Amino acid sequence: MPGGQAEYVRVPKGNVGPFKVPGSLPDEKVLFLTDILPTAWQAVTNAQVTRGSTVAIYGAGPVGLLSAACARMLGAEQIFIVDHHPYRLRFAHQTYGAIPVNFDEVDAAEYIIENTAGHRGVDAVIDAIGFEAKGSLLETVMTNLKLEGSSGFALRQCIAAVRRGGVVSVPGVYAGPIHGFLFGDAFDKGLTFKMGQTHVHKFLPQLLEQIEEGNLSPEVIITHRMNLSDAAEGYRIFDKREEDCRKITLTP
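Residues numbered from 1 in each chain as written. Predicted model: local features only at pLDDT ≥ 70, side-chain atom pairs only at ≥ 80, totals over all residues. Heavy atoms only, no water.

Colleague: So what exactly am I meant to see when it comes to the overall build of the protein here?
Modeller: What the protein contains, in helices and strands, is 10 helices and 8 strands. Per-residue burial for the protein yields a buried fraction of 42% across its 252 residues. In the protein, 70% of the contacts between residues at least 6 apart in sequence involve partners at least 24 apart. Roughly 13,600 Å² of accessible area belongs to the protein as shown, and the carbon and sulfur atoms make up 55% of that amount. (Helix = DSSP H or I, 4+ residues; strand = E, 2+ residues; numbered from the N terminus. Buried < 20%, exposed > 50% of the residue type's maximum accessible area, 1.4 Å probe, protein only. Contact = heavy atoms within 4.5 Å. Areas by Shrake-Rupley, 256 points an atom, 1.4 Å probe, with all protein chains shown as cover.)

Colleague: Which parts of the structure should I look at to understand the nonpolar core?
Modeller: In globular proteins that are soluble, nonpolar side chains generally tend to be buried together. Counting 41 residues, the largest nonpolar core has Leu37 and Val55 as the members making the most contacts within it. For this core, the secondary structure elements donating two or more residues are helix 2 (36-46), strand 1 (54-58), helix 3 (62-73), strand 2 (78-83), helix 4 (86-96), strand 4 (122-127) and helix 9 (200-212). Contacts of Val55, omitting those with residues within four sequence positions, involve Val49, Ala71, Ala76, Gln78, Ile79, Phe80, Val122, Ala124 and Ile126. Counting residues in hydrophobic clusters, the runner-up holds 19 residues, among them Val101, Val170, Ala186 and Leu191. (Core = buried A, V, L, I, M, F, W, Y, C linked by side-chain atoms within 4.5 Å.)

Colleague: Quick question: what am I supposed to make of the pairing of strand 2 here?
Modeller: Every regular strand shows the same layout, with side chains that alternate between the two sheet faces. Of all 6 residues in strand 2, 6 are buried; the element is thus mostly enclosed. Side chains of strand 2 alternate between two faces, with Gln78, Phe80 and Val82 and Ile79, Ile81 and Asp83 buried alike. Inspection of the sheet shows strand 1 paired to strand 2 by 5 bridges, in the parallel sense. From the neighbouring strand, Tyr58 faces strand 2, where its bridge partner is Val82. Looking at chain direction, strand 2 and strand 3 (residues 99-102) are connected through 4 bridges and run parallel. Looking across to strand 3, one finds that Asp83 is bridged to Asn102. Of the crossover connections in this fold, the one passing from strand 2 over helix 4 to the parallel strand 3 is right-handed. (Pairing = 2+ DSSP bridges. Right-handed = clockwise from strand over helix to strand, strands pointing away.)

Colleague: What is the right way to look at the packing of helix 2 against helix 3 in this model?
Modeller: Two packed helices can be described by the angle between their axes and the distance between those axes. In contact at an axis separation of 8 Å, helix 2 and helix 3 are set at 55° when each is read in the N-to-C sense. The angle between the axes of helix 2 and helix 3 places the two elements in the oblique class. Considering only the axes of helix 2 and helix 3, their crossing is right-handed. Contacts from Ile36, Leu37, Thr39, Ala40, Trp41, Ala43 and Val44 in helix 2 reach Pro62, Val63, Leu66, Ser67, Cys70, Ala71 and Met73 in helix 3. Of the residues assigned to the contact of helix 2 with helix 3, the class counts are 12 nonpolar, 2 polar and no charged. (Axes fitted to C-alpha atoms, helices over the stretch in contact; angles between N-to-C directions. Parallel < 35°, antiparallel > 145°, perpendicular 65-115°, else oblique. Left-handed = near helix turned anticlockwise from the far one by under 90°. Nonpolar A, V, L, I, M, F, W, Y, C, P; charged D, E, K, R; others polar.)

Colleague: Whenever I open this one, the sheet that holds strand 1 confuses me. Can you help?
Modeller: Consider a sheet: its strands pair through backbone hydrogen bonds, and that pairing is either parallel or antiparallel. Read from one edge of the open sheet, 6 strands run 3-2-1-4-5-6, paired in parallel fashion. Across the chains shown, the open sheet's two edge strands, defined by having one partner strand only, are strand 3 and strand 6 (192-195). Ignoring which end each strand starts from, the neighbouring axes of this sheet average 20° apart. Helix 2 contacts strand 4, strand 5 (162-170) and strand 6 of the sheet and is inclined by roughly 160° relative to strand 5. Contacting strand 1, strand 4, strand 5 and strand 6, helix 7 (residues 153-161) runs over the sheet at an angle of about 145° to strand 5.

Colleague: Please clarify how helix 10 (residues 231-239) should be interpreted in this entry.
Modeller: Every α-helix winds through 3.6 residues per turn, so residues three or four apart in the chain are directed the same way. The set of residues buried in helix 10 consists of Ala231, Gly234 and Ile237. Projected down its long axis, helix 10 shows its buried positions confined to an angular sector of 120°, all on one face. When the buried face of helix 10 is taken as reference, the exposed residues oriented beyond 90 degrees from it are Ala232, Tyr235 and Asp239. Where helix 10 is buried, its residues contact strand 7 (224-227) and strand 8 (248-251). Just beyond helix 10, the residue with positive phi is Arg241, at close to 55°. (Arc of directions from axis to C-beta.)

Colleague: Can you help me understand the packing of aromatic side chains in this one?
Modeller: The way to describe two aromatic rings as a pair is by their centre distance and the angle between their planes. Applying the stated criterion across every chain, the model contains 1 aromatic pair. Where Phe91 meets Tyr96, the ring centres are 6.0 Å apart and the plane angle is 85°; that geometry is what we call edge-to-face. Relative accessible area serves as the criterion here: at 11%, Phe91 is assigned to the buried category. A residue is classified by how much of its surface remains accessible, and Tyr96, at 9% relative accessible area, is buried. Here the basic side chain of Arg241 rests over the ring of Phe238, its NZ or CZ set 5.2 Å away from the ring centre. Sitting over the face of the ring of Phe91, Arg246 holds its NZ or CZ atom 3.7 Å from the ring centroid. (Phe/Tyr/Trp six-rings, centres within 6.5 Å; stacked < 30°, edge-to-face > 60°. Lys NZ or Arg CZ within 6 Å of the ring centre and 35° of its normal.)

As structure tokens, this is what we get:
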């Protein structure tokens, strides 16, 4: 050890973590395999989306948009996407044929129910918002006072929008107690909830295959390509939803 420095660095479980991708694929095509694409895929498969399914996605951020991409690939007949940023809704409609629902203009659950066959609601809903959902004044106060860990607004909407016997898939992160979780309504409707951390490695081979075959193009959600030194500004732009920002990549 010259100068007292180790000549090697040990990476715990380094033989398990890495996943080899073909050098022929551009980095941007496979970059989202590390997180948001497997998250979206698990959300859609947990929702049991198949050909002919109807599904509503709450949140048109990166995970919500890629959930729409996966649902479309699997043959979903009707995809609703709920958000309040027009540029996100417009992109989801133009790119994935999703029906945009602006929750600042309508009650999203009511709109979804009214626009599904038999006014039954959708077969499945995906909550791609999680604890950051814009809730009521009461929920905001309770969260600030640390009496509530997460807003339950999106979950309540999901429970309302899904049909009886349907599935609520939750890739959005929740932490701590939730005010106003409508467990009685969920019980009455016989709903199934599927959620949890993403099993990334489980899905990598099949998602890579879909990318190679041209069935998935996750890189289309990228709007900003910035230098790593501009990371702070990139985070600010994304956080403030400026410049119609959907997703930023940083290059050293």
